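Inside the fold
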Amino acid sequence: MTPLHLSYFMAFIISMTGFMLHRTSLISTLLCLEAMMLSLFIATSLCPIQLQTTSFMLNPMLILTFSACEASLGLSLLVASSRTHNPNNLQNLNLLQC
């Protein structure tokens with residue numbers, strides 16, 4: 001495994017660990033999701049460069065588009081939940097009551 005592969009693999013693992021361990025705040029959960037998507041974006045954009053092919057060039061743009069949609073949806077949920085419930089604590093938020 002090259003150091004480049006190891007770096008984005010470790011970035012994904014660290015962000016997944018943060019996602020599993022820090023579920024108390026909605027902001028930290030969204031940040032960990034964004035870090036996971038960013039490491040996937042870097043991995044899919046570096047793969048065609050290393051293979052010297054152009055057939056996989058659409059995949060990073062699709063992942064970046066989905067990441068932007070996920071970020072905007074998460075931010076809108078954060079704003080909506082903070083208007084109705086004071087903290088952004090995930091344990092206090094029950095989605096069935098919203």
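Residues numbered from 1 in each chain as written. Predicted model: local features only at pLDDT ≥ 70, side-chain atom pairs only at ≥ 80, totals over all residues. Heavy atoms only, no water.

Formally: UniProt positions are given in the numbering used here, feature names are shortened, and annotations may be inferred rather than shown by experiment.
Taking an unreviewed UniProt entry as the reference, the chain is identified by name as NADH-ubiquinone oxidoreductase chain 4L belonging to Pelodiscus sinensis. Annotation of the chain in UniProt includes, under Sequence similarities (unreviewed entry), the sentence "Belongs to the complex I subunit 4L family."

Brief notes about the overall build of the chain
Using the following cut-off: Working definition: helices are DSSP H or I runs of at least four residues, strands are E runs of at least two. Numbering for both runs from the N terminus. For each residue, the accessible area found with a 1.4 Å probe, counting protein chains only, is set against the maximum for its type, and the residue is called buried under 20%, exposed over 50%, and partly exposed in between. Should any heavy atoms of two residues lie within 4.5 Å, those residues are counted as being in contact. Areas reported as accessible are Shrake-Rupley estimates using a 1.4 Å probe. Residue values count occlusion only from the protein chains shown.
From N to C terminus, the chain includes three helices and zero strands. Shown N-terminal to C-terminal, the secondary structure of the chain runs as helices and strands in the order α-α-α. Here the chain holds 98 residues, and the buried ones make up 18% of them. Put simply, 60% of the contacts in the chain that link residues at least 6 apart link residues at least 24 apart. Only carbon and sulfur atoms are counted for the fraction: they give 73% of the accessible area of the chain, which is about 7,100 Å².

Quick look at the UniProt feature "transmembrane region" (unreviewed entry) in the chain
Taken from the UniProt record, the annotation "transmembrane region" (unreviewed entry) applies to residues 29-51 and 57-80. Structurally, residues 29-51 is divided into 100% helix and 0% strand, and its ends, taken at the C-alpha atoms, are 34 Å apart. The straight-line gap between the two end C-alpha atoms of residues 57-80 is 36 Å; of that span, 96% is helix and 0% is strand.

What about a nonpolar patch on the surface?
Note the threshold: Each patch is built from salt-bridge-free residues with over 30% relative accessible area, joining like charges within 9 Å and nonpolar side chains (Val, Leu, Ile, Met, Phe, Trp, Tyr) within 5 Å. Any carboxyl oxygen of Asp or Glu within 4 Å of a side-chain nitrogen of Lys or Arg constitutes a salt bridge here.
On the surface, Met1, Leu6, Phe9, Met10, Ile13 and Ile14 cluster together to form a nonpolar patch covering roughly 610 Å² of accessible area. Here Ile13 shows up in helix α1 (residues 3-21). By relative accessible area, Ile13 is classed as partly exposed at 32%.

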